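# Observations on the three-dimensional arrangement
Residue-level listing of the chains:
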Amino acid sequence: MNDFLLWACVIGPVLLAEALLARYEVLAYGAGWRAPVDELPEGVPYARGAAPDSLPDAYLVYLDGIGKRRVGDSRDGGQLVEALIAGAPELRVLGQVQPYSPLADPLADRPVWAWLRHRIGLLLFLHNVMQTFVAADHRYRPLYNRAVGSQIATQLRLAGYRPDSGTTVVLLSYSGGAQVATGAVDELHTQLRCPLLLITLGGFHNGANDLTHAGHLYQLTSANDRIEQIGAWIFPQRWRLFRRSGWNRAVRAGKITVRRLDPATHFGPCSYISPTAELPDGRSHLDRTTDTVIAAIRAHHGATTERGNALP
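What this report covers is the structure whose coordinates are included nearby.

Analysis parameters
- Residues numbered from 1 in each chain as written.
- Predicted model: local features only at pLDDT ≥ 70, side-chain atom pairs only at ≥ 80, totals over all residues.
- Heavy atoms only, no water.
- Helix = DSSP H or I, 4+ residues; strand = E, 2+ residues; numbered from the N terminus.
- Buried < 20%, exposed > 50% of the residue type's maximum accessible area, 1.4 Å probe, protein only.
- Contact = heavy atoms within 4.5 Å.
- Bend = angle between axes of the 7 residues up to and from the residue.
- Pairing = 2+ DSSP bridges.
- Axes fitted to C-alpha atoms, helices over the stretch in contact; angles between N-to-C directions.
- Core = buried A, V, L, I, M, F, W, Y, C linked by side-chain atoms within 4.5 Å.

Moving on to the overall build of the chain. Helix and strand counts for the chain stand at 10 helices and 7 strands. Here the chain holds 312 residues, and 51% of them are scored as buried. When contacts within the chain are restricted to residue pairs at least 6 apart in sequence, long-range pairs at least 24 apart make up 75% of them.

In structure tokens, the structure reads:
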């Protein structure tokens, strides 16, 4: 009974308030009440991996799942980023983008949320869940896409990306980060005119965003990933019936390649990025995911280079 009263009298109203205020950031961005944050804390690099004085094969932007709440990587996401940097030194990797904040304001740095983090840590995850649904809401989606797309473009420029350079930008997204990645495509094309490769890992997204300006999308998934399956079920734009949705147009255009990572789960000890769950070949789930991502990027880079060399 005491636990029930705690949820009903304390946590319940907080959740209701968060649900009502989830749209605040995107509205504040649209109205110009607050400017997005573009500077990183002292000592935090704008990119890691390939040296900034040389041209990398690609820039990789990692858009984390709902655990993302600070400039630094989340625990699991950080392991994936480090593995990619070690396995593909030709990439420049950015992990600081805040996919659940149109104002690029890290959640853990806000005084109220810092207080809540030590008392009701679950609320930080629920905040990002609600932001994912705001990003998918047709009323706010265009503005949210522009806000986070601009944030990514700004961070890429600060990391040394040159518009019109022809260098590929890879958007690697986990879980709800896929909603943001697919939404950022048009803004990145407008601002940077860059070739775009998307890789979704257990991607949770509504399928409504236009992927016309994306070169290709690799969908890394598993039969045991219930979260991604829920996304494909609850959003009508992911259903084959809605042929004119952005996702289904991309499928018909041959832009979607599915890679199975069975028996991985969405999260937990057997997740895609688990360093302990082992496969029959002796690799961990993290190793296989890393190898799959790197192979996709290198294959795309090789194909792009061949097409470029074939031009007169």
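Before going further, it helps to spend a moment on helix H7 (residues 177-192). A turn of α-helix holds 3.6 residues, and therefore any two residues three or four places apart point the same way. For H7, the principal kink sits at Val185 and spans about 40 degrees. Counting buried positions along H7 gives 12 out of 16 residues, so the element sits mostly inside the fold. Regarding H7, the residues found buried are Gly177, Ala178, Gln179, Val180, Ala181, Thr182, Gly183, Ala184, Val185, Glu187, Leu188 and Leu192. Note on H7: the residue one or two positions beyond its end, Arg193, has a positive phi of about 50 degrees.

Turning our attention to the pairing of strand E5 (residues 196-201). Taking burial as the measure, the 6 residues of E5 include 6 buried ones, the bulk of the element. Residues of E5 alternate between two faces, with Leu196, Leu198 and Thr200 on one and Leu197, Ile199 and Leu201 on the opposite face, all of them buried. With 5 bridges connecting them, E5 and strand E6 (residues 216-221) associate as parallel partners. By the bridge assignment, Leu201 is partnered in E6 with Leu220.

The next thing to look at is the sheet that holds strand E4 (residues 168-174). Spatial ordering of the open sheet is given by E1-E3-E2-E4-E5-E6-E7, a layout of 7 strands whose pairing is mixed. Across the chains shown, the open sheet's two edge strands, defined by having one partner strand only, are strand E1 (48-49) and strand E7 (256-260). The pairing of E4 with E5 spans 6 bridges and is parallel. Across the sheet, Val169 pairs through a bridge with Leu196, a residue of E5. Here H7 sits on the sheet in contact with strand E2 (58-63), E4, E5 and E6, set at roughly 155 degrees to E4.

Ranked by size, the top nonpolar core spans 40 residues in total, and within it Val61, Ile152, Leu156, Leu171, Leu188 and Leu211 carry the most contacts. Sorting the residues of this core by element identifies helix H2 (24-31), E2, helix H5 (122-136), helix H6 (141-158), E4, H7, E5 and helix H9 (246-252) as the ones contributing at least two each. Ranked by residues supplied to this core, first place goes to H6 with 7 residues. Discounting chain neighbours no more than four positions away, the residues touching Val61 are Leu94, Val97, Ile152, Leu156, Val169, Val170, Leu171 and Leu172. Counting 27 residues, the second-largest nonpolar core is a separate cluster that includes Leu60, Val81, Leu172 and Ala296.

Shape descriptors only; they carry no functional weight alone.
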